[in-house]
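Observations on the model geometry
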Amino acid sequence: MSMRKTLIIASLLLPTQHLLFSQLANAQQSRFGEPATQKDIDKSFWSVFPDGEFLPEGEGNVATGRVLFKEQCNICHNMPGESDPVKDDIGKLFGVTDKKGKPNVEQTIGSYWPYSSTVFNYIRRAMPLLAPMSLTNSDYYSLTAYLLHENGVIPEDAVMNKDTLPKVEMPNKDGFIMAYPKVPEQYEVKR
Amino acid sequence: MSKDKKLPGIDTTDHVAKGGLLNRRLFLTSSIASTAALATASAAYGEDIIGEGQDDWTIYPGTDALEYSDRSRFEVENVKRFIPNFPQKFLDLRLTKYVARTPLDHLLGTITPNGLHFERSHQGIPDIDPDKHFLVIHGMVKNPLKYDIDALENYTTVSRHHYLECSGNSQVLFQETPTDQPIQQIHGLVSGTEWTGVLLSTLLDECGISPDAKWIIAEGADNGMMTRSIPIDKALDDTMIAIRQNGERIRPSQGYPMRLYTPGYEGNTSVKWLRSLYVSDRPVMSAQETAKYTDMMPDNKALQFSLEQDVKSIITRPSNTMSLKKKGLYEITGLAWSGKGKISRVEVSVDGGQTWGDAALEGPIHTKMLTRFRIPWMWEGGSAILQSRAYDEFGRIQPTRKELIDARGRNAFYHFHAVQSWGVSPNGEIKNVYA
């Protein structure tokens, strides 16, 4: 009962009036959700937020990351300095770090990605492409450290863990503008 | 108007714009009479069997019914989603670009057959066993709940006609020189479907979301676990957990057994193989909402969360996989859509946008759905530039390519929605051009 009340308050705060109607319609409906256990959630939810929320225990460094990258990633991605065109086409991970005055800038981690957490969040869920999640959390911290270092973001001796990673400021952290809920005036298409 | 171009029952002098565009009502009020001569009764056959001259399919029994029917074998070769070739080195690594586009030039109406719906994944199509798959809704909720496909099927579902378009559709048109790729390669990342599912508001209501909830983080169960943040207003509006497309269970390539579906939003936000919805007070800033699906502006800032799609239209016939064989009457037809609501008007020009005529819209017009338009055109054999321009019920007008590029530059990559031009040359060839 109290849950219902919270919901109605929630819906009044929202601009969408039809929620009230849908609630009325739903009230007639039986409910089929089963309680989700922590185990269910842990299996399904892998997100890490920019402020570090949900970053796991573990720790990694650049040197270990370099070895792992060579072993696990180099068959598809070039190492810094390499230029196999097929590998560049799959995904160029190192590149221009200064985008000033370059209109067609390479969108690499150092030049483009606004949050350090995104690197860990992405590679842990998606890489190495043929076997994501086949490494440990510490391995993913090391790979993140290596990618950030070779993109000119952190020094060679930096250590990455759940406290240090979210503190890393990305060069392009101010490079993004929210188009939701409205595209800013200056980018509106004039007719 | 010379005699030989006179068509039975059609007044070809009722012009609505320059270049031969005719009043759209002409096709509606009078159908073009078939010119095929009716067979006349011939002389008696004597002792000949009467089936003489009939085709095999008329005089032999047909094949048996199939459990799941196929199209005609004569269609298979021509009507298909083109899968590009990849370097052997890619294939050796078990990589492709994981993309197939809809052959818009071969379709009429507004519903895309399930087997021809466009698809794009980042790391391939998972082969999910529905008995082992469930969706969890958790985070800022009173009761974290989970749903398998059987649970979802128990709800009163909604079925709605909506389009889905990849944010990268038509992106080659940002390039400096016009591409000569076929229409499917340019525009084929858009399809129309009757989607059936459970409104997400129903499930969120059941879980009891906190009044402080502002975003929902959706994650898939695929390799790579695609992740996008959806604003709560959208989640409570028309977002659904889709379980069926055109009546049948959604295909593995569309997210089997369940996907998020966000009508009118850029395609990538309709997260397939949906497994987790985390109710949050902020976006997660996943790779697909920072590194990808963001648009670089001329000042080197990037627009992020360009979610609701703009008003757009394309001419599908004639287009660059066809040519005009002879002078005469043609129908110009195509598709228009808006991520905000209904299409209210489509204009067509055959002189590169100098003069415009109103096209007829085929109803019923659904919100956030492809709308087919058509207008008759008398081609006199000269060069022409065919364009369409759509309006939605909120007064938004599709911009020209120049207007789009003036505002957003050529490095945006995603969200190209400007007017596109088919150039017709005097010999009837059709090419994508910039005009």
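The structure presented is a predicted model; accordingly, all values stated were derived computationally and were not measured.

What counts as what
- Residues numbered from 1 in each chain as written.
- Chains lettered and ligands numbered in written order.
- Predicted model: local features only at pLDDT ≥ 70, side-chain atom pairs only at ≥ 80, totals over all residues.
- Heavy atoms only, no water.
- Helix = DSSP H or I, 4+ residues; strand = E, 2+ residues; numbered from the N terminus.
- Buried < 20%, exposed > 50% of the residue type's maximum accessible area, 1.4 Å probe, protein only.
- Contact = heavy atoms within 4.5 Å.
- Areas by Shrake-Rupley, 256 points an atom, 1.4 Å probe, with all protein chains shown as cover.
- Lys, Arg positive; Asp, Glu negative; His and termini not counted.
- Charge placed at Lys NZ, Arg CZ, Asp CG, Glu CD.
- Domains from an automatic or database assignment.
- Buried area = accessible area lost by both parts, 1.4 Å probe.
- Salt bridge = Lys/Arg side-chain N within 4 Å of Asp/Glu carboxyl O.
- Polar contact = N/O pair within 3.5 Å; in protein donor to acceptor, adjacent residues only side chain to side chain.
- Nonpolar A, V, L, I, M, F, W, Y, C, P; charged D, E, K, R; others polar.
- pLDDT = per-residue confidence, 0-100.
- Axes fitted to C-alpha atoms, helices over the stretch in contact; angles between N-to-C directions.
- Parallel < 35°, antiparallel > 145°, perpendicular 65-115°, else oblique.
- Left-handed = near helix turned anticlockwise from the far one by under 90°.
- Pairing = 2+ DSSP bridges.

What follows is about the overall build of chain A. When helices and strands are tallied, chain A shows seven helices and four strands. Taken from the N to the C terminus, the helices and strands of chain A come in the order α-α-β-α-β-α-α-α-α-β-β. The 191 residues of chain A split such that 48% are buried. Long-range pairs, those at least 24 residues apart, make up 55% of the contacts in chain A with a sequence separation of at least 6. For chain A, the exposed area adds up to about 9,900 Å²; of that, 57% sits on carbon and sulfur atoms.

Moving on: the overall build of chain B. Looking only at helices and strands, one finds nine helices and 23 strands in chain B. Over its C-alpha atoms, taken along the principal directions, chain B stretches across nearly 80 × 65 × 50 Å. Counting all 435 residues of chain B, 57% fall into the buried class. A separation threshold of at least 6 residues defines the contact pool for chain B, and within that pool the share at least 24 residues apart is 72%. Here chain B displays about 18,800 Å² of accessible surface, and carbon together with sulfur accounts for 50% of that area. In chain B, 49 side chains carry a positive charge and 53 a negative one; their mean positions are 6 Å apart.

Further remarks concern the domain arrangement of chain B. Residues and elements named next belong to chain B. When the domains of chain B are assigned, the result is domain 1 (107–295) and domain 2 (312–433). Put simply, the middle of domain 1 and the middle of domain 2, counted by C-alpha atoms, are 28 Å apart. Both sides of the domain 1 and domain 2 interface together cover about 3,200 Å² of buried area, and 59% of this is carbon and sulfur. Contact with domain 2 buries area across many residues of domain 1, yet Phe 174, Ile 183 and Asp 295 alone supply 24% of it, more than any other trio. Our enumeration of links across domain 1 and domain 2 arrives at three salt bridges. Connecting domain 1 to domain 2 are 22 residue pairs in polar contact (both at pLDDT 80 or more). Here the residues of the side of domain 1 that touches domain 2 sort into 13 nonpolar, 18 polar and nine charged.

The next point concerns the confidence of the model for chain A. Regions with low pLDDT should not have their predicted coordinates read in detail. Overall, the prediction assigns chain A a mean pLDDT of 85, with 79% of residues at 70 or greater. In this model, residues 1–22 of chain A is a region of pLDDT below 50 whose contacts with residues beyond four sequence positions or in other chains number 34 contacts.

Moving on, we come to the packing of helix 6 (residues 116–126) of chain A against helix 7 (residues 137–150) of chain A. All names here are of chain A. Taken N-terminus to C-terminus, the directions of helix 6 and helix 7 make an angle of 130 degrees; their axes are 9 Å apart at the nearest point. For the element pair helix 6 / helix 7, the angle class is oblique. Both helix 6 and helix 7 take part in a crossing whose hand is right-handed. Contacts from Ser 116, Val 119, Phe 120, Ile 123 and Arg 124 in helix 6 reach Asn 137, Tyr 140, Tyr 141, Leu 143, Thr 144, Leu 147 and Leu 148 in helix 7.

What follows is about the sheet that holds strand 18 (residues 357–358) of chain B. Residue and element names in this part refer to chain B. Strand order in the open sheet formed by five strands is 18-17-21-22-23, and the pairing between neighbours is antiparallel. Across the chains shown, the open sheet's two edge strands, defined by having one partner strand only, are strand 18 and strand 23 (430–433). In the sheet, strand 21 (residues 384–392) pairs with strand 22 (residues 421–424) via four bridges, with the strands oriented antiparallel. Note that in strand 22 the partner of Leu 386 across the bridge is Trp 422.

Our focus in this paragraph is the pattern of salt bridges. Residue and element names in this part refer to chain B. The full count for this structure, using the stated rule, is 36 salt bridges over all chains. Residue Arg 228 is joined to Glu 289 by a salt bridge in which the shortest nitrogen-to-oxygen separation is 3.4 Å. Taken together, the positions of Arg 228 in strand 8 (residues 227–231) and Glu 289 in the loop between strand 12 (274–280) and strand 13 (295–296) put the pair 61 residues apart, joining distant regions of the chain. You can call Arg 228 buried: its relative accessible area is 0%.

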